[in-house]
Amino acid sequence: MQIRALLDFLKKPEYVADPDPSVRTLGILLMWTLVISLFLAILIGVISDLGPWNLEEHALDELFEKYSTITIFFLGCVLAPVIEELIFRGPLWFFRDSRIFPWVFYGFTLAFALVHLSNYPNLSEIWPLAPLLISPQLNIGVFLGFVRIRFGLLWSILFHAVYNTVVLGPILLLHELGISLS
């Protein structure tokens, strides 16, 4: 049911709140965004293997050099969701009754995805892949925007934190165990 509501919302974004989310609804939305993001990550891997692009360099590598695993977990799974939701989803409230709300919604969603290009220090070498590289963030940005509009900012922060934990957690665990991701 919520996927149908999400698709309808994406056709015509409107600020319509449903302040009573169920854990089941949020779980279904989380499952869908994770499945789509996994598919996009696999696609990125396949395309990167087919071309001359080096996607080995990532901002996470620098974080591993500078910070402990627990600090990276805090930054990625606690601090980043709070800050990013306040910046990219928080202001949507100000446009809730505006005719330009759909433009604002998609603008903030795209800005959220584009900011994540900073994860690639060698972006100048791989820029043709930029739309594909940010597709997982565009995906989660759409889901986060929907959760924020329907259920509120706190729920989008929590949704974002859980998503980042599910995605980043295994990477941090492998790193802590000394298992290379390459």
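Higher on the page you've got the structure.
Residues numbered from 1 in each chain as written. Predicted model: local features only at pLDDT ≥ 70, side-chain atom pairs only at ≥ 80, totals over all residues. Heavy atoms only, no water.

*Asks:* Report on the overall build of the protein, specifying residues and quantitative values.
*Replies:* Scanning the protein from N- to C-terminus turns up nine helices and zero strands. A compact globule built from 182 residues would reach a C-alpha radius of gyration of about 16 Å, and the protein, at 17 Å, matches this within 12%. For the protein, the spread of C-alpha atoms along the principal axes amounts to about 45 × 35 × 25 Å. When each of the 182 residues of the protein is scored for burial, the buried share is 41%. Restricting to contacts in the protein with at least 6 residues of sequence separation, those with at least 24 account for 79%. A total accessible area of about 10,400 Å² is found for the protein, and carbon and sulfur atoms account for 70% of it. Put simply, the protein has 10 plus and 15 minus side-chain charges, and the middle of one group is 17 Å from the middle of the other. (Helix = DSSP H or I, 4+ residues; strand = E, 2+ residues; numbered from the N terminus. Rg over C-alpha atoms; globule rule 2.2 N^0.38 Å. Buried < 20%, exposed > 50% of the residue type's maximum accessible area, 1.4 Å probe, protein only. Contact = heavy atoms within 4.5 Å. Areas by Shrake-Rupley, 256 points an atom, 1.4 Å probe, with all protein chains shown as cover. Lys, Arg positive; Asp, Glu negative; His and termini not counted. Charge placed at Lys NZ, Arg CZ, Asp CG, Glu CD.)

*Asks:* For a negative patch on the surface, give the residues involved together with the corresponding values.
*Replies:* Residues Asp49, Glu56, Glu57, Asp61, Glu65 and Glu125 make up a contiguous surface patch of negative charge. Look at Glu125 and you get exposed, because its relative accessible area is 53%. (Patch = residues over 30% accessible without salt bridge, like charges linked within 9 Å, V, L, I, M, F, W, Y side chains within 5 Å. Salt bridge = Lys/Arg side-chain N within 4 Å of Asp/Glu carboxyl O.)

*Asks:* Tell me about the nonpolar core, and name the residues and values.
*Replies:* In terms of nonpolar packing, the biggest core is built from 23 residues, with Leu29, Phe101, Ile140 and Phe159 touching the most fellow members. For this core, the leading source of residues is helix H8 (residues 135-151), giving eight residues. When near neighbours in sequence (up to four residues on either side) are disregarded, Leu29 contacts Gln2, Ile3, Phe143, Phe146, Val147, Phe151 and Phe159. One finds Ile44, Leu55, Tyr120 and Leu132 within the second-largest nonpolar core, a separate group that totals seven residues. (Core = buried A, V, L, I, M, F, W, Y, C linked by side-chain atoms within 4.5 Å.)

*Asks:* Please set out the side chain of Arg148 residue by residue, giving values where relevant.
*Replies:* By the element assignment, Arg148 lies in helix H8. This buried residue, Arg148, is left without a salt bridge; Glu85 holds the nearest opposite charge, at 7.0 Å. A distance of 2.8 Å separates a polar side-chain atom of Arg148 from the backbone oxygen of Arg89. Apart from the residues within four sequence positions on either side, Arg148 is in contact with Tyr15, Arg89, Gly90, Leu92, Trp93, Leu153 and Ser156. (Polar contact = N/O pair within 3.5 Å; in protein donor to acceptor, adjacent residues only side chain to side chain.)

*Asks:* Break down helix H5 (residues 101-115) for me, with residues and values.
*Replies:* The terminal C-alpha atoms of H5 lie 21 Å apart, and with 15 residues this matches the ideal 21 Å at 1.5 Å per residue to within 8%. All buried positions along H5 are accounted for by Phe101, Val104, Phe105, Thr109, Phe112 and Ala113. If you follow the buried residues of H5, they end up packed against helix H1 (2-11), helix H4 (69-88), H8 and helix H9 (153-176). (Expected span 1.5 Å × (residues − 1).)

*Asks:* Lay out the packing of H1 against H5 with the relevant residues and their values.
*Replies:* Here H1 crosses H5 at 110°, and the two axes come no closer than 10 Å. The angle between H1 and H5 falls in the class roughly perpendicular. Residue-level contacts link Phe9, Leu10 and Lys11 of H1 to Phe101, Phe105 and Tyr106 of H5. The residue makeup of the contact of H1 with H5, split by class, is five nonpolar, no polar and one charged. (Axes fitted to C-alpha atoms, helices over the stretch in contact; angles between N-to-C directions. Parallel < 35°, antiparallel > 145°, perpendicular 65-115°, else oblique. Nonpolar A, V, L, I, M, F, W, Y, C, P; charged D, E, K, R; others polar.)

*Asks:* Describe the pattern of salt bridges, with residues and values.
*Replies:* Inspection of the entire model under this criterion finds four salt bridges. Ionic pairing is found between Lys66 and Glu62, a salt bridge with its closest N-O pair at 2.9 Å. Placement of the pair is Lys66 and Glu62 together in helix H3 (residues 59-66), with a separation of four residues, close to one helical turn. For Lys66, a relative accessible area of 55% corresponds to the exposed category.

Keep in mind these numbers describe shape, not what the thing actually does.
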